Number of protein chains: 12
Amino acid sequence: MRIAVLNGPNLNLLGVREPDLYGRTTLSQLENSLAVVARDLGVSIECSQANGEGALIDIVHGYRGRIDGAVVNLGAYSHTSLALRDALVSVDVPFVEVHVTNVYAREAERHHSMLASAAVGVVVGLGTQGYELALRGLVATLGARGTIT
Amino acid sequence: MRIAVLNGPNLNLLGVREPDLYGRTTLSQLENSLAVVARDLGVSIECSQANGEGALIDIVHGYRGRIDGAVVNLGAYSHTSLALRDALVSVDVPFVEVHVTNVYAREAERHHSMLASAAVGVVVGLGTQGYELALRGLVATLGARGTIT
Amino acid sequence: MRIAVLNGPNLNLLGVREPDLYGRTTLSQLENSLAVVARDLGVSIECSQANGEGALIDIVHGYRGRIDGAVVNLGAYSHTSLALRDALVSVDVPFVEVHVTNVYAREAERHHSMLASAAVGVVVGLGTQGYELALRGLVATLGARGTIT
Amino acid sequence: MRIAVLNGPNLNLLGVREPDLYGRTTLSQLENSLAVVARDLGVSIECSQANGEGALIDIVHGYRGRIDGAVVNLGAYSHTSLALRDALVSVDVPFVEVHVTNVYAREAERHHSMLASAAVGVVVGLGTQGYELALRGLVATLGARGTIT
Amino acid sequence: MRIAVLNGPNLNLLGVREPDLYGRTTLSQLENSLAVVARDLGVSIECSQANGEGALIDIVHGYRGRIDGAVVNLGAYSHTSLALRDALVSVDVPFVEVHVTNVYAREAERHHSMLASAAVGVVVGLGTQGYELALRGLVATLGARGTIT
Amino acid sequence: MRIAVLNGPNLNLLGVREPDLYGRTTLSQLENSLAVVARDLGVSIECSQANGEGALIDIVHGYRGRIDGAVVNLGAYSHTSLALRDALVSVDVPFVEVHVTNVYAREAERHHSMLASAAVGVVVGLGTQGYELALRGLVATLGARGTIT
Amino acid sequence: MRIAVLNGPNLNLLGVREPDLYGRTTLSQLENSLAVVARDLGVSIECSQANGEGALIDIVHGYRGRIDGAVVNLGAYSHTSLALRDALVSVDVPFVEVHVTNVYAREAERHHSMLASAAVGVVVGLGTQGYELALRGLVATLGARGTIT
Amino acid sequence: MRIAVLNGPNLNLLGVREPDLYGRTTLSQLENSLAVVARDLGVSIECSQANGEGALIDIVHGYRGRIDGAVVNLGAYSHTSLALRDALVSVDVPFVEVHVTNVYAREAERHHSMLASAAVGVVVGLGTQGYELALRGLVATLGARGTIT
Amino acid sequence: MRIAVLNGPNLNLLGVREPDLYGRTTLSQLENSLAVVARDLGVSIECSQANGEGALIDIVHGYRGRIDGAVVNLGAYSHTSLALRDALVSVDVPFVEVHVTNVYAREAERHHSMLASAAVGVVVGLGTQGYELALRGLVATLGARGTIT
Amino acid sequence: MRIAVLNGPNLNLLGVREPDLYGRTTLSQLENSLAVVARDLGVSIECSQANGEGALIDIVHGYRGRIDGAVVNLGAYSHTSLALRDALVSVDVPFVEVHVTNVYAREAERHHSMLASAAVGVVVGLGTQGYELALRGLVATLGARGTIT
Amino acid sequence: MRIAVLNGPNLNLLGVREPDLYGRTTLSQLENSLAVVARDLGVSIECSQANGEGALIDIVHGYRGRIDGAVVNLGAYSHTSLALRDALVSVDVPFVEVHVTNVYAREAERHHSMLASAAVGVVVGLGTQGYELALRGLVATLGARGTIT
Amino acid sequence: MRIAVLNGPNLNLLGVREPDLYGRTTLSQLENSLAVVARDLGVSIECSQANGEGALIDIVHGYRGRIDGAVVNLGAYSHTSLALRDALVSVDVPFVEVHVTNVYAREAERHHSMLASAAVGVVVGLGTQGYELALRGLVATLGARGTIT
């Protein structure tokens, strides 16, 4: 089973950006620890990050027929990008949406996700460990459904 | 560390009620499997369920000074009950909100949670395994913060 | 065929409460006259009333696998309780919603029903005789569909 | 006592139009069976249907001083026509509003009725038998009030 | 100068319909007294009334190239009919909108007029004498502009 | 019978301010021509103008028990001042609201009047002659009701 | 294959009404040129126009079992008439909605169509040639689906 | 004169719950000090508290024909419970609504009260002394009106 | 301790204006009786009233460094004046907002106060005695906080 | 005459992505068939597609002074991108907006287009043939206006 | 060139009022430093401040035909006063709107300006130096346009 | 002190694009004149422009720890991009937002800025000289705060 981990705009600054809010784990530390979890779960993962909506769409398109599920944190685009929802639906890859912070306790612009209604599930506010929980949840869900490869 | 698991209205019918939507795991099966996870995590758990808003408030009040954190699925009251948010805040117990189904893919009445802005985090749509993920996430978060007992 | 009649908050005061609005028939007079109608229709009925949302959910859960249809007037909870809609849907019992007064001619809070979209039908504003009409309508509808028992 | 039964736009196609939604009883079958009920109730009825808002207003004006009450299903005009509410109020004829389908389980445009706040009552979702229930409810209500003729 | 006076739905019942609200002057009495005013003002008038939106559109189309201005009270259609605004604009006839009652002191549905933004002016709440005021205002306005004939 | 004519903010600039919109009649010309009309109608008038909300309230309070009716154009305060509606209601003086321009064809802020629901009537868009029409309409209405003096 | 072309209120004035907006092609010129296109496409067409909502519903009812598809421009009723959508759905005739002008660049009242969600497609703003495009698009779509006759 | 004091959900935790917000007076201290005030005012009081909406309705029903007025703080139910407003209206007991904190300076969910429009008055933000002020205000108001007993 | 009592627009007519709504106590009677209460409480009061927003702002500015707290009823300006909230906040004087009538049972325009979120508390609907209650509440609150002088 | 055809995000997957919704014609098949149509119409076309908003803006800027008109389907950006409307307006190129599916029959997010009010026209729901219709409509419109080259 | 600087309600307290928000520069210090800037720019300035809406309107009217442009900070009236926008438009004086604080980072009531759409430009959040920037921007803009004197 | 000047989508066309709206100064002319101002102010500037949201985020990330403040005009992204606000906040660089045109006098989509609440200040509608004013305002503000370098 092949899982993608996709991070969106400003998440390259994880661990550096507003650490009181987002924590001090950097993106590469996070990706490394997810790789360990993935190995435990017997799945392979590939991690990507981009700041551009178009670049993220291109990455998602690359999942087509090759990736069984995705853990995605599309940052601010989660709240504004219909095109990214369309991209994820286009390639027919089940995904779990993650947010590091509790978006419901922040500004109103972050309360609605364009992605959530198309997601398998959503994990919010549990810090960077939320990615691990999402990965575990996704793999368990996919296990129950069967995979492409 | 002492964790409460609280289920709200209609969740006594878990496994029986609309199984295509909510799955076939019953509430007692769920509580048993959470007990196993809790033991692994080295925490004790206590599980409760009630259908009445007042009964749930009473249970929450009982957490005061005795419970370190809670995993709560308050069912439909999540979307309508300010009194339950007040109760959880009153006893100052950090909690993670769980929903078995993806509420964002259902009716508009389920898109807004009265609890979420006061929660540590939210786990949505990952079936009954969402409780386990929430429990793991909560215990890890509390571990980083220290506990009462 | 077994039909439940369920009355919600403040309907224990029927006949006493604001009689110019709700009429002078008491709840027990109403239940007695519905028993007569039921006998004519060849169905059995059981009548309940409660003021608590949780108590009403418990009663509804008791319908499961035992009741073929319900005539419900959930009073003010009709307009605020998602949990009661969930309960009715959970036990898979077709129901007709009744209101004694014309809720559309009263305050805006009463114009929207949380139950109506899950109901078979709605009877509004025809006084306490509305229960009888709802009962007749429900039995005829169920007759056309077949019943559990 | 003289009762009018008024059907609005597209109800001439009853029994033919979307039968899964509206049933297979035609308008003339419905009017015939209402005539039987009326005879039982000891009232006379007159039935009309029109597709035009103006034609319906003209029919309603004809009720003035001649008709004691009306059972009306004004179809889509129920949701858009203030002029028809004005017409019914102008001639001072108490009426019960009927909808064959459960409008609250359909598109948002059908959730609000322009007529309902001026009606005696509303019967929704009980199929074509809803007219009979409305007729019985109306006659009983008028009986309690006294009539013109 | 040739002025049309156009009355819409239910205004044929003027003087009869809800007299406490609309007064006791009938439509023909009103039209007669407007004829007297018109004579004083040195203009000719033609008066029409219809209950149907289509019939009213047909009447308005007949104004084309023949009528210099209109006093219109389109009743409930004022609040719902874009087609009638289009008709009045299509024939390029300046008009003053009249309402017998103070629509701003009545139900919210009557607070917005579809016609008003295309009108020369609006006279509201001054009873049936409002037509005379509108006629005087219109003739004075047209006098300042020049006319077709 | 004693009638007040009250003009609000910026109407001292009438005839000078945006003449394409408001016309070229100055406030004193308008007041003079209204005096002529008043004489014809056999009523006395007193005219005031102020730019301040408080000053206007003081003027209105001065009407108490001395003035039978008022023609008021409160300019922009019509759309924002609840205090002026309260003042007019406090002194129990029937009034007709006038606007020189067609407020419904201008910015959205001008579409709603705080005064209109408390007015006898409203005359909009007929230029400065609208005051005369309002005065005639008011005197006729008061005549039918009787006056204080 | 038999195609209906239906024009609604005020479109009888096409070519005459506001020509800068709607162009100078009259309705009969338009219908003639559509007949030529129809002949090329090997389909027969029948063209109707009416100003009344009821009259238009009657025409649509006449399509039942006789017409394979329709090109409709219901003018202002497109934005207000649920009854006409119901009529088109009742007779189960696929249709393409046309607007001569770009309704999205005009008043807000024209931005929402009651018909569009039930249409095959919509052609907006391309002038009277939009009918031809709609006809071609409809015929091609129906060709792919098969027809009644 | 007999006055009820009714406290709703979470108010059993008064003095303990979020003391910076709600103060350090406990519910029983508050009830005792209100008893002293009541004695001064020459009225008897009875105090109740419950966390359940149904339990509170039951208490209110018990006021019927026995209680002259009530001071109520229904906590979060003030903002969500139509059923409790109905209960208070059903027993026809005048009441003053109290809130310990300034609800208008807190979350938007607390800005609207379901009870206020049915209350005699409202006292907000003056801490636990607000109950005493409400009691004094209620007794004075009832004194002016006369009482049941 | 020095307390200001400030009344806004139209409150000079207290006792005279709509007595069924506002009661028959005049403003000077009210101010006199508040002076008696103040003496009992051992505080000095100064009372002002003005109808103009600017005049009220000037009065409030005069409180700066001289007044310890204020009881304010700014009438209709409570619902529309951001400038008066700014003025009260500018001089840093704690205040209690009073309304004689129950604003929540009146028109929607009176349901929202611009002042309330900046107030210590609000007393609504308890007639002119509400000022005394507010004064007592304010003095008690200030006593607990300490004062300027 | 030189026409651009511009496709936005996810349209590179046309024919592959959700074929039940978007059909089985690929983007290059579509572009080829449009080239044939263009040749027939005697115009040249150039086709582009990009997934990034910035990349699409760059392409549009390249139209400046070189392209006479455009057929654009900007996919999800149609509903969210003000920057792309600005780009199209900046280069002053008339365009027709196309959507393959009937966006009005899909999620609410797709009902409003940011582009439509600046477009010549809109063709919706007619599948990939909608591009051809838009191209024909655009060329005919431009022919009537004259072109740059 | 003659420039007016107009300050509205509560700005007489500049430097004293909430200094953390508004800074410690007093109004007269500000006006003096603007005089220096004006001299550098070769323009004359006159500065005014008032707390009353009517007084401000009077000042603005005094600009007529004498002032070439204005820098205005109307404080809270910016958000509520249509009358002041009308006044500024009435005298046809181009103006730049200034706010000392960043109104977009404060309460929602301050996010919308009634003046902004009629202004040349807006300078927000740059403290009291914002007046100087606005003055420079206004003078440069007027220089490009030419002036009255 | 090091200041960045960042321009967003379509601003590469400044001076060319809609010159009546945006003026005739090109982007490079603007950047050159800002360089002169910067030299006068004793600060260094670096100017960038991009059309892509991702490209702009990348540029902003490059400011981290190197730039003291920024003058940004993000064009249409100002109104839609939460990701760019996040980027600016992530790198903790104070910024002033500029708009060349008066966005409040244009379409509603431009009335709200996603950036403004996170900005130091906003300069709107003063043409390309607005950048210079923003630069001066920013440097003065930063001077008062101290800088990184």
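Would you mind showing me how to read the overall build of chain A here?
If you tally the helices and strands in chain A, you get six helices and five strands. Along chain A, helices and strands appear, N-terminal first, in the series β-α-α-β-α-β-α-α-β-β-α. Per-residue burial over chain A gives 63% buried out of 149 residues. Taking all contacts inside chain A whose residues are at least 6 apart in sequence as the whole, residues at least 24 apart take part in 77%. Summed over its atoms, the accessible surface of chain A is roughly 4,800 Å², and 49% of this surface lies on carbon and sulfur atoms.

Mind showing me how you'd approach the interface of chain A and chain B here?
Frequently, the measure chosen for interface size is the accessible area that the parts lose on association. Contacts between the two partners involve 20 residues from chain A and, on the opposite side, 20 residues from chain B. A combined buried area of about 1,600 Å² lies between chain A and chain B, and 58% of that area is made up of carbon and sulfur atoms. Of all residues in chain A, the largest losses of buried area upon contact with chain B belong to Tyr104(A), Leu126(A) and Leu133(A), amounting jointly to 31% of the total for that side. For the pair chain A and chain B, the number of links is eleven residue pairs in polar contact (both at pLDDT 80 or more). Within the residue set of the side of chain A that touches chain B, elements represented by two or more residues are strand S5 (121–124) and helix H6 (129–145) of chain A.

Could you clarify how one ought to interpret the environment of Ser28(J) in this entry?
Mapped onto the secondary structure, Ser28(J) falls in helix H2 (residues 27–41). Linking Ser28(J) and Arg85(J), residues 57 residues apart in sequence, is a C-alpha distance of 25 Å.

Can you walk me through the interface of chain B and chain C in this structure?
Each side of the interface is counted separately: chain B has 17 residues, and chain C has 17 residues. Across the interface of chain B and chain C, roughly 1,300 Å² is buried in total on both sides, 52% from carbon and sulfur atoms. Put simply, chain B and chain C have eight residue pairs in polar contact (both at pLDDT 80 or more) between them. Looking at the side of chain B that touches chain C element by element, the count peaks at three residues for helix H4 (residues 77–80) of chain B. The residue makeup of the side of chain B that touches chain C, split by class, is five nonpolar, six polar and six charged.

Is there a simple way to think about the relation of the copies chain A and chain B in this case?
What relates the pair of chain copies is a rotation about an axis plus a shift along that axis. Once chain A has been moved 0.0 Å along the axis and rotated by 180°, it coincides with chain B to within an RMSD of 0.0 Å. Expressed as an axis order, the relation between the two copies is that of a two-fold axis. The position closest to the rotation axis in chain A is occupied by the C-alpha of Val123(A), lying 2.3 Å away. Looking at chain A, 100% of its interface residues are interface residues in chain B too, so the copies touch through the same face.

In this structure, what is going on with the pairing of strand S5 (residues 121–124) of chain G? I would like to understand it.
The side chains of a regular strand alternate, first on one face of the sheet and then on the other. Where burial is concerned, the two faces of S5(G) agree: the one with Gly121(G) and Val123(G) and the one with Val122(G) and Val124(G) are both buried. The sheet contact formed by strand S4 (residues 95–99) of chain G and S5(G) spans four bridges and is parallel. Across the sheet, residue Glu97(G) finds its bridge partner in S5(G), namely Val122(G). As paired elements, S5(G) and strand S5 (residues 121–124) of chain J share three bridges and run antiparallel to each other. From the neighbouring strand, Val122(G) faces S5(J), where its bridge partner is Val124(J).

How should I be thinking about the sheet that holds strand S1 (residues 2–7) of chain K in this particular structure?
Whether parallel or antiparallel, the strands of a sheet pair through hydrogen bonds between backbone atoms. A sheet is described by the order of its strands in space; here ten strands give the open sequence S2(K)-S1(K)-S3(K)-S4(K)-S5(K)-S5(L)-S4(L)-S3(L)-S1(L)-S2(L), paired in mixed fashion. The sheet is open, and its two borders are formed by strand S2 (44–49) of chain K together with strand S2 (44–49) of chain L, each paired with just one other strand. Strand-to-strand twist of the sheet, defined as the mean angle between neighbouring strand axes without regard to direction, takes the value 15°. Sheet strands in contact with helix H2 (residues 27–41) of chain L are strand S1 (2–7) and S2 of chain L, and its direction is about 165° off that of S2(L).

For this particular structure, what's the right way to read the relation of the copies chain B and chain C?
Mapping chain B onto chain C calls for a rotation angle of 120° and an axial translation of 0.0 Å; the resulting RMSD is 0.0 Å. On this basis, the relationship between the two copies can be described by a three-fold rotation axis. A different interface surface on each copy is seen, since only 12% of the contact residues of chain B are contact residues in chain C too.

Would you mind showing me how to read the sheet that holds strand S1 (residues 2–7) of chain I here?
With mixed pairing, ten strands are arranged side by side in an open sheet as S2(H)-S1(H)-S3(H)-S4(H)-S5(H)-S5(I)-S4(I)-S3(I)-S1(I)-S2(I). Edge positions in the sheet fall to strand S2 (44–49) of chain H together with strand S2 (44–49) of chain I, since each has one partner strand and no second. Recorded for the sheet is a direction-independent mean angle of 15° between the axes of neighbouring strands. Packed onto the sheet, helix H2 (residues 27–41) of chain I meets S1 and S2 of chain I and runs at close to 165° relative to S2(I).

Mind showing me how you'd approach helix H3 (residues 53–61) of chain B here?
Residue pairs three or four apart in sequence face the same way in an α-helix, which turns once every 3.6 residues. Of the residues making up H3(B), those classed as buried are Glu53(B), Gly54(B), Leu56(B), Ile57(B), Val60(B) and His61(B). Along the long axis of H3(B), the arc covered by the buried residues comes to 160°, so they all point the same way. Buried residues in H3(B) make contact with strand S1 (2–7), H4 and helix H5 (82–90) of chain B, helix H3 (53–61) of chain C together with helix H3 (53–61) and helix H4 (77–80) of chain H.

Hey, could you run me through the side chain of Ser78(I) in this one?
All names here are of chain I. Turning to its location among the elements, Ser-78 is positioned in helix H4 (residues 77–80). Classification of Ser-78 by relative accessible area gives buried; the value is 0%. A distance of 2.7 Å separates the side chain of Ser-78 from the backbone oxygen of Gly-75, its partner in a polar contact. Every residue in contact with Ser-78, bar those within four places of it in the chain, is listed here: Glu-97, His-99, His-112, Ser-113, Met-114 and Leu-115.

Can you help me understand the arrangement of the chains in this one?
The least C-alpha distance between chain E and chain H, which are not in contact, is 20 Å. You won't find any contact between chain C and chain J; their C-alpha atoms come no closer than 20 Å.

Please explain the packing of aromatic side chains as it appears in this structure.
Aromatic ring pairs are defined here through the distance separating the ring centres and the angle between the ring planes. Counted according to the given criterion, the structure contains zero aromatic pairs over all chains. Positioned over the ring face of Tyr22(K) is Arg17(K), at 3.9 Å from the centre of the ring.

How do you make sense of the pattern of salt bridges when you look at a structure like this?
For side chains bearing opposite charge, pairing can occur when the charged atoms are close. A full pass over the atoms with the stated rule returns 120 salt bridges over all chains. A salt bridge links Arg2(C) to Glu46(C); the shortest N-O distance between them is 3.3 Å. Taken together, the positions of Arg2(C) in strand S1 (residues 2–7) and Glu46(C) in strand S2 (residues 44–49) put the pair 44 residues apart, joining distant regions of the chain. The salt bridge partner of Glu107(E) is Arg85(D), with a shortest N-O separation of 3.0 Å. Here Arg85(D) lies in helix H5 (residues 82–90) and Glu107(E) lies in the loop between strand S4 (95–99) and strand S5 (121–124), a pairing that spans two chains. According to the relative accessible area criterion, Glu107(E) is partly exposed, its value standing at 29%.

Looking at this model, I keep getting lost on the confidence of the model for chain A. Mind explaining?
As a note on interpretation, predicted positions should not be read in detail where pLDDT is low. Of all residues in chain A, 97% have pLDDT values of 70 or greater, and the mean over the chain is 95. Across the interfaces of the predicted complex, the ipTM metric reaches 0.94, alongside a pTM of 0.95.

How should the packing of helix H3 (residues 53–61) of chain I against helix H5 (residues 82–90) of chain I be read in this particular structure?
Axes are the key here: two packed helices are described by the angle between their axes and the distance separating the axes. Residues and elements named next belong to chain I. Put simply, H3 and H5 touch, their axes get as near as 9 Å, and they point 10° apart. On the basis of the axis angle, H3 is roughly parallel to H5. Residues Glu-53, Leu-56, Ile-57, Val-60 and His-61 of H3 form the contact with H5, whose own contacting residues are Ala-83, Leu-84, Ala-87 and Leu-88. Here the contact of H3 with H5 is built from residues that sort into seven nonpolar, one polar and one charged.

Looking at this structure, I do not really get the pairing of S1(L). What am I missing?
Residues and elements named next belong to chain L. Burial within S1 is extensive, with five of its six residues counted as buried. Judged from the six bridges that link them, S1 and S2 form a sheet pairing that is parallel. When the bridges of S2 are listed, Ile-3 appears paired with Ile-45. Judged from the five bridges that link them, S1 and strand S3 (residues 69–73) form a sheet pairing that is parallel. Looking at S3, one finds that Asn-7 is bridged to Asn-73.

So what exactly am I meant to see when it comes to unusual backbone geometry here?
Glycine aside, the phi torsion of most residues is negative, and most peptide linkages are trans. Positioned with a positive phi, Asn10(C) is a non-glycine residue whose angle comes to about 75°. In this fold, Asn10(C) is placed in the loop between S1 and helix H1 (19–22).

Just checking my understanding: could you explain the side chain of Ser90(A) for this structure?
Looking at the secondary structure, you find Ser90(A) in helix H5 (residues 82–90). The class of Ser90(A) is buried, set by a relative accessible area of 3%. At 3.0 Å, the side chain of Ser90(A) and the side chain of Arg17(J) are in polar contact. Apart from residues lying up to four places away in sequence, Ser90(A) is in contact with Arg64(A), Asn10(J), Leu13(J) and Arg17(J).

Where do I start with the environment of Met1(H) in this structure?
In this structure, Met1(H) sits in the segment before strand S1 (2–7). As for Met1(H) and Val123(H), which are separated by 122 residues in sequence, their C-alpha atoms are 21 Å apart.

Parameters and conventions
Residues numbered from 1 in each chain as written. Chains lettered and ligands numbered in written order. Predicted model: local features only at pLDDT ≥ 70, side-chain atom pairs only at ≥ 80, totals over all residues. Heavy atoms only, no water. Helix = DSSP H or I, 4+ residues; strand = E, 2+ residues; numbered from the N terminus. Buried < 20%, exposed > 50% of the residue type's maximum accessible area, 1.4 Å probe, protein only. Contact = heavy atoms within 4.5 Å. Areas by Shrake-Rupley, 256 points an atom, 1.4 Å probe, with all protein chains shown as cover. Buried area = accessible area lost by both parts, 1.4 Å probe. Polar contact = N/O pair within 3.5 Å; in protein donor to acceptor, adjacent residues only side chain to side chain. Nonpolar A, V, L, I, M, F, W, Y, C, P; charged D, E, K, R; others polar. Least-squares fit on C-alpha atoms with pLDDT ≥ 70 in both. Pairing = 2+ DSSP bridges. Axes fitted to C-alpha atoms, helices over the stretch in contact; angles between N-to-C directions. Arc of directions from axis to C-beta. Phe/Tyr/Trp six-rings, centres within 6.5 Å; stacked < 30°, edge-to-face > 60°. Lys NZ or Arg CZ within 6 Å of the ring centre and 35° of its normal. Salt bridge = Lys/Arg side-chain N within 4 Å of Asp/Glu carboxyl O. pLDDT = per-residue confidence, 0-100. Parallel < 35°, antiparallel > 145°, perpendicular 65-115°, else oblique.

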